[in-house]
Each structure stands twice: as structure tokens, then as C-alpha cells.
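Listed below, chain by chain, are the residues.
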Amino acid sequence: MPTLSFHQLTKHYGPVTVLDGFTATALPGRVTAFLGVNGAGKTTSMRIMLGLADPTSGEATIDGVRYADLPHPTRVVGAVLDQGFHPNRSARNHIRLTARQAGVPTDTADDLLHRFGLGAAAGRRVGGFSLGMRQRLALASALVGDPSVLVLDEPLNGLDPDGIREMRRFLRSFADAGGTVFLSSHLLSEVAAVADDLVVIHRGTLAAAGPVRDIVTDDTDLESVFHDLIHSTDTQEVWS
Amino acid sequence: MRTLVSLELYKLRTTPAAWVSLGITLVLGMASVAANALVPSPGGPAFGSTDHVNHTLSVSALTSMVMLAIGVLVVAGEYRHRTIMQTFLGEPRRARVLAAKAVTVLGLGALLGAGTFGIAYAEAVIIYGARGVHSLPIDVAQLWIGATVASALYGLVGVALGALTRNTVAAIVGAITWVMIIEVGILASALPEVAQWLPAGAAIALTSVGTAAHGMLSPTTAALVLTGWALLISGVAARFSLTREAH
């Protein structure tokens, strides 16, 4: 099962430095939460990992291979970013398109729609979907290629409490089956409930990384730890 | 590449834009043939003359502009709806994606241009035949090939403009403004010796016979000029669009 590695990742947009030597790892069989304030560099890191942006220097790899060099990338990595949907395309046609991209049978795609509670809405235009339905469709689409890695940017956004619980359960089972889950979220309490490891990025640099149980102790919570981390100029490394 | 082209066709098949464009092209094309053939224009060419039939069969302007719009939508539409990220996640080699879109639109443009001209020609044969003109005084093969080539190449130009602008409205409005106002409206009368070498001038030369083709480039030269423009604009689009990040 693949390991995600960010190695000395630097990204400049003109005079602005978004990533500054960011280095981190996400391991197989673990749910790794990727935390940071807005503008910290989370989305840029994920986009570089997925080949959607080029780093100024450094590299992001999946088991040592760049995403763009994977022969069938969507069969290795399933991604949920803020990619959109054509509003006039049905959910069924959207996920079948994703299946064709991955080179897998469209039956798989149809099964995933049912698994994520979208079977009854399969023929409806995605433009009429709620945010939660779009999130479920995005996740179902990410799984079409039966990937061993999930890269998810704010996957809990728009989900109702039941949806969040289902998502947590799903991510847990995916990681327990040996998969690598790397997700960003602003919902710290939800992250604390599902993540095994944390990677905290601040101003484009690693602020902290390690198992949740080593960073969040019995007498603290993730919110206060996160607040302290991003307001501290010290960088701590607790991941061995 | 075959898989990527089939994906592009699937995208077009599963959204209404291509079907609506096809329907509009066929309806307007057939209506314009009937109107141009049957509605007399004072001082215009005699019924059944080369110029009259050329006017009747002038559907390639329609198919070319429709293909230009489809070409724009195939690329810029993906940026508009942010589906381009899913496309690049499936095929990170962007040059291959752009090439597949170009091949798809070239093929569709050729089919639409040839098909629409074929229907227009059949309709014209019936209309003129009913009025006693049983042999149309035009080079059908030249017009048919011209309509096919012009529609395909305008589609390619649309893909390139879509890749350059990533904005459907700007690309379509910009292209129509250039073709209809700057080239046809201004340059064709003010500087005809220059206009004939521009994309619209070459397309008109490629798809016209009779008086409309007088003073224009020969069909072969016009085809080469239009191909040159399409390749030049595509090259510029590839140069500047492939390295820009997708959002």
C-alpha cells in the first residue's frame, strides 16, 4: 500500500511563497489529517501531489512516483478536491465518465452510486444536487478506480451529522483495509474522531506531525493544541 | 488517444449543448436553404444561376460558427464548470488531453460540415427541380469539401481559443466580433487584399463559387491558408495554456 511523501516542497506564486520546504508523510493503514489555517498551503500541497500544480522545487510522490508518472493514476489515487460537475450531466453519466477515465467497468460506477445513497438520484442532473449529495458523488467518483490512496480536501463540508458519521466510518474502514487516507478539514473535532496521524502546516512549513495520541494528550484537545501550534514560532517534530 | 477521444465524445453526448447545437444547425440550415432559394431578392441573381445556387447553399458559415462555439465549449466549458480538474486527474499529460479535444472537434466539424451541406444540397435539388432547374450550375464537390474543411478547421480554432481564454463568453464573443465585424464588416471592404488572407476570407473563398469567389484565393490556397491559421492559433494555445495551472 502506497505512502504519500511531500519532500522539501516549495511553491512561489510571483512574490508570494505559499510552500516553503514543506516535508511530510502519510502512511498506509492510517488516516492522516492535514490541518492548517486558510492560506497555510494545504490545498496547494494537495494539488501538487495530484499533478494539478507544479512545485517551484521539491517533490510530492506516491511510493516514490509522481502522480503524473503513474500509468493509471485514478486506479491508485482517489481524489476529492473542489473539482466541479457539469450541472446538466446526470450523476449516473458523471460517474460512468469517471469509470471510463479509469478504464473500469461502468457497473462498478453504478454500484457506487447505490452504496453512497445516490441510486434514486442517479438520473437527475447534478446541478440540482445539494452540497451533501455532491460530496457523496465526489467521493463515490473518487472510488471508481478502486484506489489504495484517498486524497480528500474538506470532504466533510456540506455533510449532515449522519453523513459525517458515515464518512468517518467509511474512512476508518478504508484505512483499516490498508489504504492511505490524507484529508484536510477545518472541523477539528470531527478530525480528532477519525484521524490516526496529524500533519499541521503553517505558512507553508510543517508545524507539527505525528500520531494524534502523541500530540493531543488526555488534558488537552485538538482545538487548543492547534491554536497553540499555529501561534507558536517553534516547529515541533514528533513523528519518528 | 482513442480512449481520450471517446471520453470527449462521451462528455459531449451526455450534456445538452452539442445536441442543441446540432438541432439548431439543422433547422437553421434547412430554413436558410428554403428561404434563400424561394424568397426573391430584388436586383439579386437570377433563379437557378450559379450565384443564386451559391447563395442558397451558403450553410457553411453557419456550421463553421457553430463548430467554433462547440470547440470553445469543449475546452473553456471544462474550466467554467471546473470539470477540467477531473479530466487532468484522469490524464495528467495535458498535451494529450488538448490533442484529444482537437481531434474530436476536427472530426465532429468535418461530420457536421459535410452532413449539413449534404442535407442542404438534397433540399436544394428538390426545390430547384420542382421549379424546372434540374442541373445546378456549381462545382458541388468543391463546395462540399470546402464546407467540410472550413467547419472542421473553425472547430479547431474554437478549441484553441477556448484553451487560451478559458472563458466561454469571452472566446465566443471575441471570435464572432473578429469574424463578423472586423474581418467581414470592415476589412473585407476596406482592405480586401489583406482580408482574403485572414481566416474568414479564406473560409469564404473555400466555400464559394461564382461572383462571391471572384478576387478571392483559389480553393486550394484558401484551404492551406485556413489550415495555417488554425495550426498557428493552436500552437499559440498549446504554448501558453499547457503550463498554466488548472483551477
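Here's a quick rundown of the structure.

About the cut-offs
- Within every chain, residues take consecutive numbers counted from 1 along the sequence as written.
- Each chain is given a letter, starting from A, and each ligand a number, starting from 1, according to the order in which they appear as written.
- With pLDDT at 70 or above as the cut-off, local features in this predicted model cover only qualifying residues; side-chain atom pairs require 80 or more to be listed or tallied, and sums for whole chains, interfaces and linings still use all residues.
- For the side-chain quantities, the full set of heavy atoms in the structure was used; hydrogens and water were omitted.
- Segments assigned H or I by DSSP are reported as helices when at least four residues long, segments assigned E as strands when at least two residues long, and all are numbered from the N terminus.
- For the radius of gyration, the atom set is restricted to C-alpha positions; the globular benchmark scales as 2.2 Å times the number of residues to the power 0.38.
- For each residue, the accessible area found with a 1.4 Å probe, counting protein chains only, is set against the maximum for its type, and the residue is called buried under 20%, exposed over 50%, and partly exposed in between.
- Contacts are residue-level and defined by heavy atoms, with any inter-residue pair within 4.5 Å sufficient.
- A 1.4 Å probe and the Shrake-Rupley method give the accessible areas. Residues count as covered only by the protein chains that appear here.
- All tallies of charge rest on Lys and Arg as positive and Asp and Glu as negative; His and the ends of each chain are not included.
- Charge positions come from single atoms, namely NZ of Lys, CZ of Arg, CG of Asp or CD of Glu.
- A pair of strands is treated as paired once DSSP finds two or more bridges between them.
- Angular values range over 0 to 180 degrees, each being the angle between N-to-C directions of two axes fitted as lines to C-alpha atoms, with helices fitted over their stretch in contact.
- Should an angle fall under 35 degrees it is taken as roughly parallel, and over 145 as roughly antiparallel, whereas 65 to 115 is taken as roughly perpendicular and any remaining angle as oblique.
- Two parts placed together each lose some accessible area under a 1.4 Å probe, and adding up what both lose gives the buried area.
- Salt bridges are defined by distance alone: a side-chain nitrogen of Lys or Arg within 4 Å of a carboxyl oxygen of Asp or Glu.
- Only Asp, Glu, Lys and Arg are considered charged in this grouping, and only Ala, Val, Leu, Ile, Met, Phe, Trp, Tyr, Cys and Pro are considered nonpolar; every other residue, Gly among them, is considered polar.
- It is the directions from the helix axis to the C-beta atoms that the arc portrays.

1. Side note on the overall build of chain A
Item 1. What chain A contains, in helices and strands, is nine helices and nine strands.
Item 2. A globule of 240 residues ought to have a C-alpha radius of gyration of about 18 Å, and chain A, at 18 Å, matches this closely.
Item 3. With respect to the principal axes defined by its C-alpha atoms, chain A has extents near 50 × 40 × 35 Å.
Item 4. By residue count, 56% of the 240 residues in chain A fall in the buried class.
Item 5. Long-range contacts, defined here as pairs at least 24 residues apart, represent 69% of the contacts in chain A between residues at least 6 apart.
Item 6. As presented, chain A carries roughly 10200 Å² of accessible surface, and 48% of it is formed by carbon and sulfur atoms.
Item 7. When the 21 positive and 27 negative side-chain charges of chain A are each reduced to one mean point, those points stand 11 Å apart.

2. Some thoughts on the pairing of strand β2 (residues 16–26) of chain A
Residues and elements named next belong to chain A.
Item 1. Bridging between strand β1 (residues 4–13) and β2 involves eight bridges; their strand directions are antiparallel. Bridging across to β2, K11 finds its partner in L19.
Item 2. In textbook terms, the turn of a hairpin is the stretch between consecutive antiparallel strands, and for β1 and β2 this stretch comprises two residues, one of which, G14, has a positive phi near 60°.

3. Things to note about the packing of helix α2 (residues 16–38) of chain B against helix α4 (residues 60–80) of chain B
Residue and element names in this part refer to chain B.
Item 1. Following both chains from N to C, one finds α2 and α4 inclined at 175°, their axes separated by 10 Å at the closest point. The angle between α2 and α4 falls in the class roughly antiparallel. For the pair α2 and α4, contact is made by A17, S21, T25, L28 and G29 and by L62, T63, V66, I70 and L73, respectively.

4. Things to note about the interface of chain A and chain B
Item 1. Each partner contributes to the interface: chain A provides 28 residues, whereas chain B provides 22 residues.
Item 2. Both faces combined, the contact of chain A with chain B buries some 2400 Å², and carbon together with sulfur accounts for 56% of it.
Item 3. The three residues of chain A that bury the most area against chain B are L52, R100 and Q101 of chain A, which together make up 26% of that side's buried surface.
Item 4. The interface formed by chain A and chain B contains one salt bridge.
Item 5. In this structure, the salt-bridge partner of R82 of chain B is D82 of chain A, at a minimum N-O distance of 2.5 Å.
Item 6. Going through the elements one at a time, β1, α2 (73–76) and α3 (91–102) of chain A are the ones with two or more residues in the side of chain A that touches chain B.
Item 7. Ranked by residue count, the leading element in the side of chain A that touches chain B is α3 of chain A, at six residues.
Item 8. Within the side of chain A that touches chain B, the residues separate by chemical class into 12 nonpolar, nine polar and seven charged.

5. Side note on the pattern of salt bridges
Item 1. Per the counting criterion, the structure on display carries 14 salt bridges over all chains.
Item 2. Put simply, D176 of chain A and R172 of chain A hold a salt bridge, and the shortest N to O gap is 3.2 Å. Here D176 of chain A pairs with R172 of chain A, and both are found in helix α6 (residues 161–176), just four residues apart, close to one helical turn.
Item 3. Among the residues examined, R172 of chain A registers a relative accessible area of 25% and is labelled partly exposed.
Item 4. The closest approach of N and O atoms between E8 of chain B and K11 of chain B, which form a salt bridge, is 3.1 Å. Linking E8 of chain B with K11 of chain B, this pair stays in helix α1 (residues 2–13), spanning three residues, or about one helical turn.
Item 5. Overall, K11 of chain B belongs to the buried group, its relative accessible area being 10%.

6. Thoughts on helix α9 (residues 222–230) of chain A
Along an α-helix, residues three or four apart share an orientation, since each turn contains 3.6 residues.
Residues and elements named next belong to chain A.
Item 1. Looking at α9, one finds that the buried residues are L222, V225, F226, L229 and I230. Looking straight down α9, one finds that the buried residues subtend no more than 120° of arc, so they occupy a single side. Turned more than 90 degrees from where α9 packs its buried face, E223 and D228 sit exposed.
Item 2. Where α9 is buried, its residues meet β3 (31–35), α7 (188–194), β8 (197–202), β9 (205–211) and α8 (212–215).

7. A closer look at the sheet that holds strand β5 (residues 77–80) of chain A
Residues and elements named next belong to chain A.
Item 1. Reading across from one edge, β5-β6-β7-β3-β8-β9 is the order of the six strands in this open sheet, with mixed pairing throughout. Strand pairing shows two members of the sheet lacking a second neighbour, β5 and β9, which therefore form its edges. Strand after strand, the sheet turns through a mean of 15° between neighbouring axes, direction not considered.
Item 2. Note that β3 and strand β7 (residues 180–184) share four bridges and pair parallel.

8. A look at the sheet that holds β1 of chain A
All names here are of chain A.
Item 1. Here three strands make up an open sheet; going across it, the order is β2-β1-β4 and the pairing antiparallel. Every interior strand has two partners, whereas the edge strands, β2 and β4 (57–62), have only one. Each neighbouring strand pair of the sheet contributes to a mean axis angle of 20°, computed without reference to strand direction.
Item 2. Looking at chain direction, β1 and β4 are connected through five bridges and run antiparallel. Its bridge partner being in β4, H7 is matched across the sheet by E59.
Item 3. Strand contacts of helix α1 (residues 42–49): β1, β2 and β4, with the helix running at about 115° to β1, the strand carrying the most contacts.

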